[in-house]
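Inside the fold
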Amino acid sequence: MFRYYLKLGALSIRANPALSALMVAAIAIGIGACMTIFTIQHMMGSNPIPHKSEQLRHVQMDSWSDANPYNGGANPPIQLTYTDARNLLAAEQAVRQIATFKSGRIVEPEDPDELPYTISGRATSKDFFAMFDVPFKYGSAWDAAADLSEEFVAVISEPLNERMFGGEDSTGKRVTMNGDTFRIVGVLDTWSPVVKFYDLNNNAHEPVEDIFFPFSTAMANEYGNDGNTNCWKPPEGGDRAAFLNSECIWIQFWVEIPNQAAETEYMNYLDAYVEQQKELGRFPRPLDNRLPDVEEWMILNEVVDDDVSVLLGLAVLFLIVCLLNTIGLLLAKVMRRTKDISLRRALGASKASLFGQYIIEAGMIGVAGGLLGIGTTWLGLLGIRNLFNRFDFVEKLTVMDWQMTALAIALAVVSALAAALYPTWRACQVTPASQLRIQ
Amino acid sequence: MEFGPIWRALLKNKGGAILIALQIAVTMAIMVNSISIMQERATNMQRPSGMDEANTLTFASISFASDADNRATYINDLEMLRNTPGVINAVGTNSFPLRGGGWSMGLQTEPGEDMGGVGSAIYFGDEHMIETFGVELIDGENFSPEQVVFLDPDNFRWEPYVIVTEALAKTLFPDEEGSVVGKTAYINQNDPVQIIGVIDQLQAPWQGWDEVEHALFSPVKRAEGFARYVVRTEPGMRDELLPQLEEMLASADKTRLIRAAQTFDEVREGAYLGDSAMIKILGFVITLLTIITGLGIVGLASFNVSRRTRQIGIRRALGATKPAIMRYFMLENFMISSVGVVVGGALAIGLNIFMVETFNLTPMSWWVVPAAMIVLWLVGQAAVAGPARRATRIAPSIATRSG
């Protein structure tokens, strides 16, 4: 019976090629609009380190002004002062902890004929790589001794290794940046989290840095910060020492918290630390320490652009219009065949078999629309990529993974079936023989 | 007129009509809100930056040698730039409008902590700032060369003179009816700065900032290894000069890099990339939507015409003229569309209120709703015209055939 209905469906679709095409196209376009935007939203907000995100916590402490609370008091500042970063790092109260900031560098090639070039850089501590499960191709992270004694050691990214050394094992080689010569101890394997979760200050989707070096080395050699700096109180003096001692926030600080007990323990430590700082006259605001995990951190930092949410809402409405369109057309088709239907009913077809027949016909349109919808989604993503071709990161956001592909087909079939329900129900209401009068 | 009969006929068979009306209503909700967002973005994009955009170019100089004499490079660079034929003026600054990154500080009219301040973008530069940026000094004076100093990174302090935009002056001294020149504001809570000049208009580097018209010039030359040069050229010379100047600076001193060389048009394009993409996407969406809705109406009307072939034949046989048949379908569609756009108007307004509250968008202008109504009415009429004309060609003799 199923195959017979398929055949009937195909006949009916072929009987009205223009209208059937319109229905398939409407579903495909509706699905395409929805899935294009949904894919981007999904990628923008996707958890970049799902297996570990709950253990990775950014430290937030309310060091801000009492008169003008940070973000109106809704949440503590999203970065730390140097003073607090240094104290927390030295205390080593978590399994792992890192203080980090972005600092661009200029590479001076050994070959004097080659021009210097800028690269992005990050000052951090050795735990960065183990904490964030960063894959290595050659070598490894630097050791604790390098952090302690402010050594000039560095880990470079795969693209930089490609550029500087043609992709070969470059551990032990040297790179000179801004007058300082670093020894390469590790080369990363491909690592491009869709969301650069560990530093969401500037562009949440920019690529990871080209080079990583010890935080201590960067501080000792007065490397500048390329990220954001926010102050609620002017530094007491005009030099770097005054800035470092100030209440300006500019450092990202992450800790690894393996379980609930460790979280309680670290929270207790933070509370005690802030109380102690309060005695020194700092932290005028009430105690408000937080340890958001990666997903909470991404939500707090609004990694999904508002425009994408607006577009997604409009795209869902768009799909609704396409479905209303399909319902109307299917209904018209059914109404035109009432004579047919009443004849079949008179000859003994049950409501259930009629229902099956029309649902299968609608399902065929849905599957066709869904398959075409994958194509339109792909086109939509291509269009978005073209609009934003100035940014490399758009490549990462406009990829349709298998989840999204499956979702597109499922959405199409469910939509088409939902659209078919009312017309099919109407068809089942046709009374047997009612339309068989001689007119 | 035939309103009554058509309306009653519609009510007898309302399933299809309600679907079209709903489709028009949701289409209208999307259309109105998309147009409203497009209009918001277009308005933002049309705001002047204050710069002489057509004739401005910029690049950054980044020095990497630790022993470089940055001040000498800075002085030399600017001298070369200013002496190049075709260049009107040039300045070394920290940022400029639409750049997306820069420095902001709070200003207050009384010194002291916790006074609450007025945010303003800070542009550092010398007495060539006004001419290079292409802004107009409407009150007071420009910096004199003696007021301009080199920044000392080991001992930063605020210079006691500023030139402010008119918008900033108005926010700082709302009750002042005369000139604000000579008045003192406090930056960094306690450091006094005297307003010596007022310029007409200049945006802060962040075009999405609420206080985007708040900007001030501080008479400081920053030459600590990083300098951002802005160059204003004679009309028509910009594109020719950009590579030439870049090459000139790069070869004059090889201990630094010249980067981010771009015309101001490119700066603007980059700053508004998201907004212009949004306009394009939404424009595409509403075009596609209108086409789908229009085709849907065509399809349904065609069905209706063929379903009513006999009925139409009978009417024709009983004396209805072709225009009367045409009018029937046009009027029927007009009624359905009217229900659709009225419901759509309510939906659109509701959706707009929701989006304004959730996403901080600008509320729509009143005229978008009637405009969308008219467009959708016209689309409906245009869509139904074809099938309706086909209906008029049904021969009266159809009535005599048994169906």
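As a reminder, the structure under discussion sits directly above these lines.
In this text the structure is predicted, and so the values were computed from the model without any measurement.

Examining the overall build of chain B
Each helix and strand in chain B was counted, giving 11 helices and 13 strands. Scaling as 2.2 N^0.38, a compact globule of 403 residues should have a C-alpha radius of gyration of about 22 Å, whereas chain B reaches 32 Å, well beyond that. Along the longest, intermediate and shortest principal axes, the C-alpha atoms of chain B span 105 × 50 × 35 Å. For chain B, buried positions account for 52% of its 403 residues. Taking as baseline every contact in chain B between residues at least 6 positions apart, the subset at least 24 positions apart corresponds to 83%.

Topic: the interface of chain A and chain B
Contact residues are listed per partner, giving 48 residues for chain A and 54 residues for chain B. The tally of links between chain A and chain B comes to two salt bridges. Asp307 of chain A is the partner of Arg41 of chain B in a salt bridge, and the nearest nitrogen-oxygen pair spans 2.9 Å. For the interface between chain A and chain B, the tally reads five residue pairs in polar contact (both at pLDDT 80 or more).

Considering a positive patch on the surface
On the surface, Lys322, Arg389, Arg390 and Arg393 of chain B cluster together into a patch of positive charge. Considering the arrangement of structural elements, one finds Lys322 of chain B in helix 10 (residues 322-359).

Things to note about the packing of aromatic side chains
Residue and element names in this part refer to chain A. Taken as a whole, this structure holds 45 aromatic pairs over all chains when the rule is applied. Here Phe128 and Phe132 contribute two aromatic rings whose centre-to-centre distance is 5.0 Å and whose plane-to-plane angle is 85°, an arrangement assigned as edge-to-face. With respect to burial, Phe128 and Phe132 carry one shared label: buried. Between the aromatic rings of Phe132 and Phe197, the centroid separation amounts to 5.1 Å while the plane-to-plane angle is 85°, which identifies the pairing as edge-to-face.

Looking at helix 12 (residues 338-346) of chain A
Residues and elements named next belong to chain A. Among the residues of helix 12, those classed as buried are Thr338, Ile341, Ser342 and Arg345. Each buried residue of helix 12 sits inside an arc of 95° when the element is viewed along its axis, so together they form one side. Close packing links the buried residues of helix 12 with helix 11 (306-336), helix 13 (351-387) and helix 15 (402-429). Downstream of helix 12 by a residue or two, Gly348 has a phi angle that is positive, lying close to 115°.

Thoughts on the pairing of strand 3 (residues 96-102) of chain A
Residues and elements named next belong to chain A. With six of seven residues buried, strand 3 lies mostly within the body of the structure. Here strand 3 runs beside strand 12 (residues 249-256); their pairing, made up of five bridges, is antiparallel. Note on strand 12: the bridge partner recorded for Gln97 is Val255. Across two bridges, strand 3 lies against strand 6 (residues 121-124) in antiparallel orientation. Paired with Phe101 across the bridge in strand 6 is Ala123.

Overview of the state of the cysteines
Residues and elements named next belong to chain A. This structure, assessed with the given rule, holds one disulfide over all chains. Here Cys231 pairs with Cys248 through a disulfide, and the sulfurs are 2.1 Å apart. Judged by the sign of its S-S torsion, about 110°, the bond between Cys231 and Cys248 is right-handed. Here Cys231 is found in the loop between helix 7 (215-220) and helix 8 (240-244), whereas its partner Cys248 is found in the loop between helix 8 and strand 12, with 17 residues between them in sequence. The class for Cys231 is partly exposed, based on a relative accessible area of 41%. Its sulfur unpaired, Cys322 is 8.5 Å from the next cysteine sulfur, which belongs to Cys34.

Quick word on a nonpolar patch on the surface
All names here are of chain B. Together, Trp7, Leu11, Val339, Val343 and Leu347 make up a nonpolar patch on the protein surface, roughly 400 Å² of accessible area in all. Counting residues per element, the ones that place at least two in the nonpolar patch are helix 1 (3-12) and helix 10. Ranked by residues supplied to the nonpolar patch, first place goes to helix 10 with three residues. Its location among the elements puts Leu11 in helix 1. Classification of Leu11 by relative accessible area gives partly exposed; the value is 43%.

Thresholds applied
Residues numbered from 1 in each chain as written. Chains lettered and ligands numbered in written order. Predicted model: local features only at pLDDT ≥ 70, side-chain atom pairs only at ≥ 80, totals over all residues. Heavy atoms only, no water. Helix = DSSP H or I, 4+ residues; strand = E, 2+ residues; numbered from the N terminus. Rg over C-alpha atoms; globule rule 2.2 N^0.38 Å. Buried < 20%, exposed > 50% of the residue type's maximum accessible area, 1.4 Å probe, protein only. Contact = heavy atoms within 4.5 Å. Salt bridge = Lys/Arg side-chain N within 4 Å of Asp/Glu carboxyl O. Polar contact = N/O pair within 3.5 Å; in protein donor to acceptor, adjacent residues only side chain to side chain. Patch = residues over 30% accessible without salt bridge, like charges linked within 9 Å, V, L, I, M, F, W, Y side chains within 5 Å. Areas by Shrake-Rupley, 256 points an atom, 1.4 Å probe, with all protein chains shown as cover. Lys, Arg positive; Asp, Glu negative; His and termini not counted. Charge placed at Lys NZ, Arg CZ, Asp CG, Glu CD. Phe/Tyr/Trp six-rings, centres within 6.5 Å; stacked < 30°, edge-to-face > 60°. Arc of directions from axis to C-beta. Pairing = 2+ DSSP bridges. Disulfide = S-S within 2.5 Å.

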